[in-house]
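So you can see what is in the structure, the chains are spelled out below.
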Amino acid sequence: MASTSVTCISSILDDLQALENDCPEFPDGQQKYLKRMLRYLRTFLLCARKYSNDDVQLPFDNKMNQADNHYASLEALAVRIGDAIPKWAKEIPSSDQPWDAVHDLEKDIKSFEQEICEWYAFFLGSSSQQSTNSVVRQDDLMEFMDSLLENLVNYWSWMWPAHEVGLIKALEEKLAFMKNFIRFIKLYGVENTELGPLLVHTEAVAINAARLSYKCQFKKGFGPPKDVEESISELLQKIVPVEPQVLETCIQALTASKLSRQSYGDAEEHLLRDFFNSLSCNLWETLKHGTCPVILQQLQMFYEGLNSLRTILVDKPKMFDEKVRDPTRVVNCYGGDFISPLSLNAIKDAIQAKDMDLVCSELLGIIKLIDAKITEKCPESSSFNFPKTNGLGFVDSLLEKMMDVTSSEAGSIALIDHPIQKVLEELDCLRSLLRKIVELHNEDEDVQAIWNRIVGVAYRIEFLIDSLITGNILDSSSMSIHSILEEMNIIKAAALKICDSERLGGKVKEVTKRFNHMPQEGSKPIVNDVVVGFEDETASIINQLRNGSRQVRIVSIVGMPGCGKTTLARKVYNDSSVKSHFYERAWCTVSQIYQKRNLLLQILTCIESKLPEDVFKMGEEDLALQVKRHLLKNRYLIVLDDVWDIDAWNGLEASFPDDGNGSRVILTSRLRGVAPQDKLDHEPYSLPQLTPNETWDLLKGKLYPGQDLAPPELCEIRQQVVEMCQGLPLTVVILAGILSRMDRYGWKEAVEGLSSRNVSSTEQCTATLELSYKHLPDTLKACFLYFGGFPEDHEHNTKRLISLWVAEGFVQKNQPKRLEDVANDYLMELIGRSLVTVSKPRSIDGVKACRIHDLLYEFCVTKAKEENFSRLVRRDDKLSDINVPCYLRRLCIDSNPEHFDKLGLFAPAIRRLLFLSSGMGNEVYFDFRFIFHIIKLVTVLDLSQIGLDPFPRELELLVHLRYLAILGQGKLDLPPSICNLPNLETLIWRNSSFHCSVSLPDTIWNLKKLRHLELISEGHKYYCFFFPSDNLDNSSQLRDLDFLACLSLDPEENISKLLRKFPNIRKLRCSVNLKPDVEHHVAMDCLSQLESLSLSRVLYGYQQFHIDFQFPLSIKRLTLTYFGMPWRKMAAIGNLPNLEVLKLLEEAFEGEIWEMEAEKFPNVRFLKLASLNIVKWTASSEYEYEDQDYFPRLQKLVLESCDALQEIPSCLGNSSTLEIIEVSKCPNCTSSLEEIQEEQRSNGYTDLKILIS
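Fair warning: this is a prediction, and the values are worked out from it, not measured in the lab.

Asks: What exactly am I supposed to notice about the overall build of the protein chain here?
Replies: The number of helices and strands found in the protein chain is 41 helices and 33 strands. When contacts within the protein chain are restricted to residue pairs at least 6 apart in sequence, long-range pairs at least 24 apart make up 71% of them.

Here it is in structure tokens:
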């Protein structure tokens, strides 16, 4: 009987695994649910295997169960499960309805549920009664725990409260630690016979966990039953052993493992890695929830050392001999020894704390010895490994910062006992030496070594001084002011020796000849979208879009990265014949990692530019329905750009109705098989390489747009360029960016350096990127690599990007220009070099948003990691493979908070932490308070997608913070303690779905360095900041404030007094609170520096309001919304001397006739009228026979959703500057537009484009 039972269960397990492997490709939800049920069944059978050697039966008390006693045998239950599996194997693959098959299987498993729960209780009772000397087969126990942990990892908890999900995750982590601990000590030669009590204890814990997780998963309703939740909480306290005999076993096993000297092979490497991960995870939880400051400080130091060893010895174990690896076993063993008691808060008195101090001291000594060996073997992995980019810029920034700190009261107090002034003087001297060798540090090994030493000591100075200011306790044996001064003197002597050498002068001249410096002041890139080639493909695709099948069809464009897929799709998308053919168009960038919700929002935003607030609160299903409703009965064109798999199409297809009206989808991809074959009427367009002539035309067009002839220096390298670029457009564009910033007499030498390479197009593009990167000035290198610290295809708002660069210290002061203007020059330079592309241009002369190409992005990610500049953690990264160096400077987490927590971030030197969780939908919630105790030196912190409620007081610890982005939700308001962040320059408040306007505390006036204050509200653009106004006379001015959005203005209060608090502001968005039937006067002329102003009315009905504005003469851009003013009020706007951009939106003015009279708009270059009830827009008859005098510099006119508009001023036909008129949803003005076009032609102006959609 016994052998039959064992064979039976083994056979059932084999059948079960085969069924799991052969599960059909059901939709994702059904397949996951099906496999989950099968895994839970497998876990039970693995647990039952131990008892299958005996003819065990459950004891029953009631007669009904006695009557059914044939079901109480374990073997009988196993036979019933075994009989069911062939039936499932037959029915599931043949089912047409996935959920029917799943429900049938669930019904069968349900019939076993009561017995399985009772058997688990029996197993638990039997295990608890075992003697500690009982035999537990370790291999069977490990297989059982592996299966159990798989269940917990894949736990279906999406509908459960966060606390209950947290219990399951904690259970998973603690069980994983016990499993990995046992495997670890087995790896070092400890026998099963020595582990008896530990294995018995672990088996009982695992059985109990399996029982509780089974009950949780298969009980209906939301969340686990209350009794199960309490049982899990109790079990969490019992997992780590406390019984004396079990603890003694652990200690003996650790001792035995330390004495073992056997080496291990590649097959065991993953066991060591798993134990390192579990040990770090367990210690991380202890750190998070510990309360004893002394112990926490020591554990933080140990955690830091452990992670350092884990990073190196796990990644590169074969580089270190056994002598070095032995101490790591000691660290691991002692770590396991003291972490267990700590997990139970067992250290409660001074004696234990003292013992702990001795243990930590020994461990830290070992860590230091090994760290020295690591530095010798892997210098690039040294614990204090500074960024290799923008060294001189960093030293300049540090000197400026040190002067600021020493002059402040807080800095003077913190540094009073340290010779900071001497450090400042020595650093200034070293900076002057850096300037002498700046051109040569990448060309000469000796110079490079000195350069690295100077920059390295500067980073240590910054770390030390900032740590002293925050009160961090440092290990003085490894870093102190005096040791740094000694090192600076040694470096200075070596640097002077090199700088005085004769060979330096000649080399500097040679290098200076080849390298350029920062962009010229006021330089602007030539941004020209030259499209060369693909003429046949363009014509064919447009024909396919406009003709052919009336059903929805996909046009697929495929090809390698950089071959022009997106360029071609964009060219077709913007073609005038395509625009007029389709009623709705939408562009959606998919990328390798995407969220369906974000894709749907992209599409909706293209279809309807002003989405209602509630749309941003919708889930995927409601958004999908919204897209479908907008597209229904409309002929539409959707572009899905950069698609990586067919799942993206499958997830969106239901939202694209097929009304038989000729709707189309363009899909671009690197892969041919992404588009479904049944939706294609044509083979995917596989883009060819550019011909030699097309390559030449593209290069020439980028360097000399509009010119037929190229200079001889370019013609001389024509053949080399053609061969080098191998027909890849991106390579041509990047090369053009390099050449455009070089003296043309050096072109030949630069191209010859690459043209000899015989490599593929992609490798050639990478080589071109390397050359382009090499030719960047150091400051621009930092700005370029910064793009690698964000998710792929991230679109960068230029205002926020510039604020980040300023906060990071990349921007050097350049009087009289403001830092923001210098940073904007940097961005324009990167665009001019074709390294950054404009995704959203401003109305005129500027960039609203930008991004970089996929290939450039991957280059930035790789190069940033290589140069220790920044690290990116993506959602698809395997957490166990992620190593965050202790002294990492910049980190971006593109993941959810759970992954972030598991990462165990211990990086006390981190300066920038961005948590973006891109594409995760609604904002998420996480308790970051513990992290703030670690990252006290951070200067840039973006938590704008993390719910913080209430506002964490621990943020006040971050006194170095310059940039803070947070999510406002619930009752969260900015507390008065915000003034404890004296260095804050940028404060961004992102409104959640449940938050409105924000009241600022009185202490906001104390943030004297504030430059950028912004409230972002996706759903409602008119929520605003309320500034305190009770004590304005005695409040400080925010003299550095450059950008403010959005400010609440109440005309019944003294607006002028409030505005005078921002004397140097240049960009301002305001929301004005008006009352009907009251005369309002808003005087803003006190803002003499103001250049960009956006004004809207707080919405209270749609009455006409009586308001007069007094604008400053400095205004260049003006946007008005919802004021309902009569057209005669235009007189206050029309003669503003510097106004270049004017936008009148959403009932800004009220009335059917706008007759221009005295207002001439002398410098307006861009005019937009949208959602106005105007019918006739004319010029006064007084000027009918005079030369055109209105809008003498107008370049672009945009008319949108002015349904009643019939007449446009005919005088625009005389404008020699007018380039384009864009008209959307203005059906009655066609004849007036035709008259203007005809008048333009009669005046000889043939370039005017009129685009109607």
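Let us keep going from here.
Asks: Looking at this model, I keep getting lost on the sheet that holds strand 1 (residues 553-558). Mind explaining?
Replies: Hydrogen bonding along the main chain pairs the strands of a sheet, whether they run parallel or antiparallel. Taken in spatial order, the five strands make up an open sheet running 2-3-4-1-5, and their pairing is parallel. In this open sheet, the two strands that pair with only one neighbour each are strand 2 (584-589) and strand 5 (685-686). In this sheet, strand 4 (residues 664-669) lies alongside strand 1 in parallel orientation, the contact comprising six bridges. Its bridge partner being in strand 4, Ser 556 is matched across the sheet by Leu 667. Across the sheet, helix 21 (residues 535-546) lies against strand 1, strand 3 (636-643), strand 4 and strand 5, angled at about 165 degrees from strand 1, the strand it touches most.

Asks: Please explain the environment of Leu 1136 as it appears in this structure.
Replies: When you line up the elements, Leu 1136 lands in the loop between helix 40 (1131-1134) and strand 26 (1141-1145). Taking the C-alpha atoms as reference points, Leu 1136 and Val 1164, separated by 28 residues in sequence, lie 9.2 Å from one another.

Asks: I tried to follow the nonpolar core on my own but got confused; where do I start?
Replies: Note on soluble globular proteins: their nonpolar side chains tend to be buried together. The biggest cluster of nonpolar side chains holds 112 residues, and the ones touching the most others in it are Phe 1027, Leu 1068, Leu 1120, Ile 1133 and Trp 1177. The greatest single-element share of this core, amounting to four residues, is contributed by helix 38 (residues 929-934). Sequence-distant contacts of Ile 1133, defined by excluding residues within four places in its chain, comprise Phe 1111, Leu 1118, Leu 1120, Leu 1139, Leu 1142, Phe 1149 and Phe 1161. Listed in part, the 94 residues of the second largest apolar core include Val 532, Val 572, Leu 785 and Leu 819.

Asks: Any chance you could explain unusual backbone geometry here in plain terms?
Replies: A negative phi angle characterises most non-glycine residues, just as the trans form characterises most peptide bonds. A cis geometry characterises the amide bond from Ala 1045 onward to Cys 1046, with omega recorded as 10 degrees. Its place among the elements puts Cys 1046 in strand 19 (residues 1043-1049). A positive phi is found at Glu 1147, a non-glycine position, where the angle reads about 60 degrees. Judged by relative accessible area, Glu 1147 falls into the partly exposed class, the value being 30%. One non-glycine residue, Lys 1225, lies in the positive phi region at around 55 degrees. Inspection of the secondary structure puts Lys 1225 in the loop between strand 32 (1220-1224) and helix 41 (1230-1242).

Asks: For this particular structure, what's the right way to read the packing of aromatic side chains?
Replies: Each aromatic ring pair is characterised by the separation of its centres together with the angle its planes make. Under the defined criterion, the tally for this structure stands at 31 aromatic pairs. Between the aromatic rings of Phe 44 and Tyr 120, the centroid separation amounts to 5.5 Å while the plane-to-plane angle is 80 degrees, which identifies the pairing as edge-to-face. Of this pair, Phe 44 sits in helix 2 (residues 28-48) while Tyr 120 sits in helix 5 (residues 98-128); the two residues are 76 residues apart in sequence, bridging distant segments of the chain. Taking 5.8 Å as the distance between ring centres and 50 degrees as the angle between the ring planes, the aromatic pair formed by Trp 649 and Phe 656 counts as tilted. When its relative accessible area of 2% is taken as the criterion, Trp 649 is described as buried. Counting every residue linked through ring pairs, the aromatic cluster contains Tyr 40, Phe 44, Trp 119, Tyr 120, Phe 122, Phe 123 and Tyr 214. The cationic tip of Arg 570 hangs over the ring face of Trp 587; the distance from NZ or CZ to the ring centre is 3.7 Å. Its guanidinium or amino end placed over the ring of Tyr 583, Arg 635 lies 5.0 Å from that ring's centre, counting from NZ or CZ.

Asks: Honestly, the side chain of Lys 1143 in this entry has me stumped. Any pointers?
Replies: Along the polypeptide, Lys 1143 turns up in strand 26. Glu 1200 provides the closest opposite charge to the buried, unpaired Lys 1143, separated from it by 9.9 Å. At 3.4 Å, the side chain of Lys 1143 and the side chain of Ser 843 are in polar contact. When near neighbours in sequence (up to four residues on either side) are disregarded, Lys 1143 contacts Ser 843, Leu 1118, Thr 1119, Leu 1120, Phe 1166 and Lys 1168.

Asks: For this particular structure, what's the right way to read the confidence of the model for the protein chain?
Replies: Atomic detail in the predicted coordinates should be set aside for any region of low pLDDT. Residue-level pLDDT values for the protein chain average 78, and 73% of them are 70 or greater. Counting interchain partners and residues more than four positions distant, the pLDDT-below-50 stretch residues 756-760 has five contacts.

Asks: I'm lost on the environment of Leu 690 in this one. Help?
Replies: Tracing the backbone shows Leu 690 in the loop between strand 5 and helix 27 (692-703). By relative accessible area, which is 7% here, Leu 690 ends up buried. In the structure, Leu 690 is positioned 35 residues away from Cys 725 in sequence and 9.3 Å away in space, judged by C-alpha atoms. Residue contacts for Leu 690: discarding those within four places in its chain leaves Val 532, Phe 534, Thr 695, Leu 698, Gly 727 and Pro 729.

Asks: Looking at this structure, I do not really get the pattern of salt bridges. What am I missing?
Replies: It is possible for side chains bearing opposite charge to pair when their charged atoms get close. Under the criterion given, the structure shown has 45 salt bridges. The shortest N-O distance in the salt bridge between Asp 681 and Arg 553 comes to 3.0 Å. Here the residue Asp 681 occupies a position in the loop between strand 4 and strand 5, and Arg 553 occupies one in strand 1, the gap between them amounting to 128 residues. Here Asp 681 falls in the partly exposed class, since its relative accessible area comes to 49%.

Asks: Before we go on, may I ask you to explain helix 22 (residues 565-573) in this structure?
Replies: Counting along an α-helix, one turn takes 3.6 residues, and residues three or four places apart therefore face a common direction. Among the residues of helix 22, Lys 565, Leu 568, Ala 569, Val 572 and Tyr 573 are the ones counted as buried. Here the buried residues of helix 22 occupy an arc of 135 degrees about the axis, which is enough to place them on one side. At its buried positions, helix 22 is contacted by helix 21, strand 1, helix 23 (576-581), strand 2, strand 3 and strand 4.

Asks: It is not clear to me how the sheet that holds strand 7 (residues 837-841) should be interpreted in this structure. Could you clarify?
Replies: Reading across from one edge, 6-8-7 is the order of the three strands in this open sheet, with antiparallel pairing throughout. In this open sheet, the two strands that pair with only one neighbour each are strand 6 (796-797) and strand 7. Two strands pair when backbone bridges link them, and strand 7 and strand 8 (residues 847-851) are joined in this way by four bridges, in the antiparallel orientation. What sits directly across from Thr 837, in strand 8, is Arg 851.

Asks: Mind showing me how you'd approach the pairing of strand 11 (residues 912-915) here?
Replies: A regular strand carries its side chains on alternate faces of the sheet. Here strand 11 shows a buried face lined by Arg 912 and Leu 914 and a second buried face lined by Leu 913 and Phe 915. Both strand 10 (residues 890-894) and strand 11 contribute to a ladder of four bridges, which runs parallel. In the strand pairing of strand 11, Arg 890 is matched with Arg 912.

Asks: Even after reading the chapter, I still don't get the packing of helix 27 against helix 30 (residues 729-740), so can you show me in this structure?
Replies: Two quantities define a packed helix pair, namely the angle between the helix axes and the distance between the axes. The geometry of helix 27 relative to helix 30 is characterised by a closest axis approach of 9 Å and an angle of 35 degrees between their N-to-C directions. For the pair helix 27 and helix 30, the crossing hand works out as right-handed. On helix 30, the residues that touch Thr 695, Leu 698, Leu 699, Lys 702 and Leu 703 of helix 27 are Pro 729, Val 732, Val 733, Ala 736, Leu 739 and Ser 740.

Asks: Any chance you could explain helix 18 (residues 445-470) here in plain terms?
Replies: End to end, helix 18 covers 37 Å across 26 residues, agreeing with the expected 38 Å (1.5 Å per residue, within 8%). Positive backbone phi, approximately 85 degrees, marks Gly 471, located one or two places after helix 18.

Asks: When you look at the side chain of Asn 180 in this model, what are you seeing that I'm missing?
Replies: By the secondary structure assignment, Asn 180 is in helix 7 (residues 162-187). Excluding its chain neighbours within four sequence positions, the residues that come into contact with Asn 180 are Asp 274, Phe 275 and Ser 278.

Asks: When you look at the environment of Ser 944 in this model, what are you seeing that I'm missing?
Replies: Within the fold, Ser 944 resides in strand 13 (residues 940-947). Setting aside residues no more than four positions away along its own chain, Ser 944 makes contact with Ala 965, Ile 966, Leu 967 and Arg 990. For Ser 944, the side chain forms a polar contact with the side chain of Asp 942, separated by 2.7 Å.

Asks: What exactly am I supposed to notice about the state of the cysteines here?
Replies: In a disulfide, the sulfur atoms of two cysteines are held together by a covalent bond. Overall, the coordinates contain zero disulfides when judged by the stated rule. The closest cysteine sulfur to the non-disulfide-bonded Cys 606 is located on Cys 588, 7.9 Å from its own sulfur. With a relative accessible area of 36%, Cys 606 lands in the partly exposed category.

About the thresholds
- Residues numbered from 1 in each chain as written.
- Predicted model: local features only at pLDDT ≥ 70, side-chain atom pairs only at ≥ 80, totals over all residues.
- Heavy atoms only, no water.
- Helix = DSSP H or I, 4+ residues; strand = E, 2+ residues; numbered from the N terminus.
- Contact = heavy atoms within 4.5 Å.
- Pairing = 2+ DSSP bridges.
- Axes fitted to C-alpha atoms, helices over the stretch in contact; angles between N-to-C directions.
- Core = buried A, V, L, I, M, F, W, Y, C linked by side-chain atoms within 4.5 Å.
- Buried < 20%, exposed > 50% of the residue type's maximum accessible area, 1.4 Å probe, protein only.
- Phe/Tyr/Trp six-rings, centres within 6.5 Å; stacked < 30°, edge-to-face > 60°.
- Lys NZ or Arg CZ within 6 Å of the ring centre and 35° of its normal.
- Lys, Arg positive; Asp, Glu negative; His and termini not counted.
- Salt bridge = Lys/Arg side-chain N within 4 Å of Asp/Glu carboxyl O.
- Polar contact = N/O pair within 3.5 Å; in protein donor to acceptor, adjacent residues only side chain to side chain.
- pLDDT = per-residue confidence, 0-100.
- Arc of directions from axis to C-beta.
- Left-handed = near helix turned anticlockwise from the far one by under 90°.
- Expected span 1.5 Å × (residues − 1).
- Disulfide = S-S within 2.5 Å.

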